[in-house]
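Next come the chains, spelled out residue by residue.
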Amino acid sequence: MQMEAANDSYHETVLKSQMENPNNSDHETVPKPQVVHRCKKCRRIVAAEESIVPHQRGKGEQCFKWKKRSSNPWETDKEPPECSSIFVEPMKWMETVQEGYVGDKLLCIGCKARLGSFNWAGMQCNCGAWVNPAFQLHKSRLDECRM
């Protein structure tokens, strides 16, 4: 009798949780593909999706002190460009960070290719947003891979 009552209460809680969260099922867990960033030169993993620091997109060229000569000052509704870099948390492979520098280049630990730069005081993204502290990796030097 006690076993039946325990089983009934267990099934009730499972049903309640499935009704409250229909996408959260214990029986069918489909893992989301994880995104990792690799060095283009040696293919070493340098950053995972969890280590990326998101930032709000700025207003593009309007945020910078300088402006391109070819830009039209009356063309303010132009959408800012997509970010050409990702910002990450400091990681163990970043040797210059571990050595205590305030700002320097970030080199791949495998092939010594320049992947980006860092500055504890912050840096401005090409979209215009300020990120501080900034550990910037250039997308052009990375491959985005789904695992």
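Residues numbered from 1 in each chain as written. Predicted model: local features only at pLDDT ≥ 70, side-chain atom pairs only at ≥ 80, totals over all residues. Heavy atoms only, no water.

Just to check I follow, could you spell out the nonpolar core for this structure?
A general trend in soluble globular proteins is that nonpolar side chains are found buried together. The biggest cluster of nonpolar side chains holds 16 residues, and the ones touching the most others in it are Val46, Val88, Trp93, Met94, Leu115 and Leu137. If you list the elements that add at least two residues to this core, you get strand S2 (45–48), strand S5 (114–119) and strand S8 (134–138). Those residues in contact with Leu137, other than ones at most four positions away along the chain, are Val46, Ala47, Ser85, Ile86, Val88, Trp93, Leu106, Leu115, Gly116 and Leu142. (Core = buried A, V, L, I, M, F, W, Y, C linked by side-chain atoms within 4.5 Å. Buried < 20%, exposed > 50% of the residue type's maximum accessible area, 1.4 Å probe, protein only. Helix = DSSP H or I, 4+ residues; strand = E, 2+ residues; numbered from the N terminus. Contact = heavy atoms within 4.5 Å.)

Is there a simple way to explain the pattern of salt bridges in this structure?
Pairing between side chains becomes possible if they bear opposite charge and their charged atoms approach one another. Considering all chains together, one arrives at four salt bridges under this definition. Glu144 is paired through a salt bridge with Arg146; the nearest N and O atoms lie 3.7 Å apart. There is no split in this pair, since Glu144 and Arg146 are both exposed. (Salt bridge = Lys/Arg side-chain N within 4 Å of Asp/Glu carboxyl O.)

Explain the sheet that holds S2 here, please?
Strands belonging to one sheet form pairs held by backbone hydrogen bonds; the direction of such a pair is parallel or antiparallel. With antiparallel pairing, the three strands of this open sheet are ordered in space as S2-S1-S9. Strands at the two margins of the open sheet, each flanked by one partner only, are S2 and strand S9 (142–146). The average undirected angle you get between the axes of adjacent strands in this sheet is 30°. (Pairing = 2+ DSSP bridges. Axes fitted to C-alpha atoms, helices over the stretch in contact; angles between N-to-C directions.)

Mind showing me how you'd approach the sheet that holds S5 here?
With respect to topology, four strands assemble into an open sheet ordered S3-S8-S5-S4, the strand pairing being antiparallel. Every other strand in the sheet has two partners, leaving strand S3 (85–87) and strand S4 (103–107) as the edge strands with one partner each. The mean angle between the axes of side-by-side strands here comes to 25°, regardless of whether they run parallel or antiparallel. Of the strand pairs in this sheet, S5 and S8 are connected by four bridges, and their pairing is antiparallel. Following the sheet pairing, Gly116 is matched in S8 by Leu137.

Honestly, the packing of aromatic side chains in this entry has me stumped. Any pointers?
Centre distance and the angle of the planes are the two values used to describe a pair of aromatic rings. Enumeration over the complete set of coordinates arrives at two aromatic pairs. With centroids separated by 5.7 Å and ring planes inclined at 10°, the aromatic side chains of Phe118 and Phe135 adopt a geometry described as stacked. Here Phe118, found in strand S5, pairs with Phe135, found in strand S8; they are 17 residues apart in sequence, far enough to count as distant. By the burial criterion, Phe118 is buried, and Phe135 matches it. What links up through ring pairs into an aromatic cluster is the set Phe118, Trp120 and Phe135. (Phe/Tyr/Trp six-rings, centres within 6.5 Å; stacked < 30°, edge-to-face > 60°.)

None of this, on its own, says anything about what the molecule does.
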